[in-house]
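# Summary of the model geometry
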Amino acid sequence: MPQPKRSALIVDDNETDRVLINAILKKLHFTTVQTAEDGSIGKGKLANSIDMNQPYDVVLVDWHMPKASGIELVKFLSLTLKSKKTKILMMTATADRKMIEEAIASGVDDFIIKPVEIDVLKTKLEKLFGS
């Protein structure tokens, strides 16, 4: 059975994390993976994808970034999405209950602790997409 075509946007100010997550997504058969090095660039890419009626299947967003935090980006995405097609995974190296609750209240579909591992990300994506 062929893999569905999936697209992702990685928004993270850490280049090493962007490269690692990009490689993991490619191994998990994502056909399109784009990156943004801060929340402001991420907002632009998200707005463009929505304007072109080609929203990403999943956005992986770091919590702590310059220019626009992950939470700001999630709130923007939640307000601009016309459908719930795009799933949102919040990533952070540190998390506590309050952070997780704030992320979920802002529209995050799931949460992942860095460093991102292939098995953990695969499980989270299977849960989000039901496959």
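Refer to the structure presented above.
The present account deals with the structure reproduced in this document.

Conventions we followed
Along each chain, residue indices are assigned from 1 in the same order as the chain's sequence is written. Reporting in this predicted model follows two pLDDT cut-offs: at least 70 for local features of residues, and 80 or more for side-chain atom pairs to be given and counted; totals over whole chains, interfaces and linings ignore these cut-offs and use all residues. Hydrogens and water are ignored here; the side-chain numbers use all heavy atoms of the structure. Strands here mean DSSP runs of E at least two residues long; helices mean DSSP runs of H or I at least four residues long; both are numbered from the N terminus. Only the C-alpha atoms count toward the radius of gyration. The rule for a globule is 2.2 Å times the residue count to the power 0.38. Three labels apply to residues, based on accessible area from a 1.4 Å probe with only protein chains included: buried if under 20% of the type maximum, exposed if over 50%, partly exposed otherwise in between. For this analysis, residues touch if any pair of their heavy atoms sits within 4.5 Å. Throughout, the Shrake-Rupley method with a 1.4 Å probe supplies accessible areas, and for residues the shown protein chains are the sole cover considered. We call two strands paired when DSSP finds no fewer than two bridges between them. The criterion for an aromatic pair is that two Phe, Tyr or Trp rings (for Trp, the six-membered ring) have centres within 6.5 Å, with stacked assigned to planes under 30 degrees apart, edge-to-face to planes over 60 apart and tilted to the rest. For a ring to carry a charge above it, either NZ of a lysine or CZ of an arginine must fall within 6 Å of the ring centroid while also lying within 35 degrees of the normal to the ring plane. Contacts described as polar in this section are N or O atom pairs within 3.5 Å, which, within protein, must combine one atom able to donate a hydrogen with one able to accept it, while residues neighboring in sequence count only if both atoms come from side chains.

The secondary structure content of the protein amounts to 5 helices and 5 strands. Seen in sequence order, the protein has helices and strands lined up from the N terminus as β-α-β-α-β-α-β-α-β-α. Taken against the 2.2 N^0.38 rule, which gives 14 Å for 131 residues, the C-alpha radius of gyration of the protein at 13 Å falls within 12% of a compact globule. Dimensions of the protein, computed from the C-alpha atoms along their principal axes, are close to 40 × 30 × 25 Å. Residue burial in the protein is summarised as follows: out of 131 residues, 46% are buried. Counting contacts in the protein only where the partners sit at least 6 residues apart, residues at least 24 apart contribute 66% of the total. Counting every atom, the protein has about 7200 Å² of accessible surface; 53% of that belongs to carbon and sulfur.

Extensive coverage of strand β3 (residues 58–62) is indicated by the burial of 5 of its 5 residues. Every second residue of β3 is oriented toward a common face, with V58, L60 and D62 on one face and V59 and V61 on the other, all of them buried. Inspection of the sheet shows strand β1 (residues 7–11) paired to β3 by 4 bridges, in the parallel sense. Paired with A8 across the two strands is V58, which belongs to β3. Here β3 pairs with strand β4 (residues 87–92) via 5 bridges, running parallel. Along β4, the bridge assignment pairs L60 with L89.

Okay, the packing of aromatic side chains next. Two numbers describe a pair of aromatic rings. These are the distance of the centres and the angle of the planes. Summed over all chains, the structure comprises 1 aromatic pair. Between the NZ or CZ atom of R6 and the centre of the ring of F129, over which it lies, the distance is 4.0 Å.

Position of D110 among the secondary structure elements: in strand β5 (residues 110–113). Among all residues touching D110, those that are not within four sequence positions of it are I88, L89, M90, K124, K127 and L128. Within polar-contact distance, the side chain of D110 engages the side chain of K124 at 3.1 Å.

Turning next to unusual backbone geometry. Residue P115 is bonded to the preceding K114 through a cis peptide linkage, with omega at 5 degrees. With respect to the secondary-structure elements, P115 resides in the loop between β5 and α5 (118–129).

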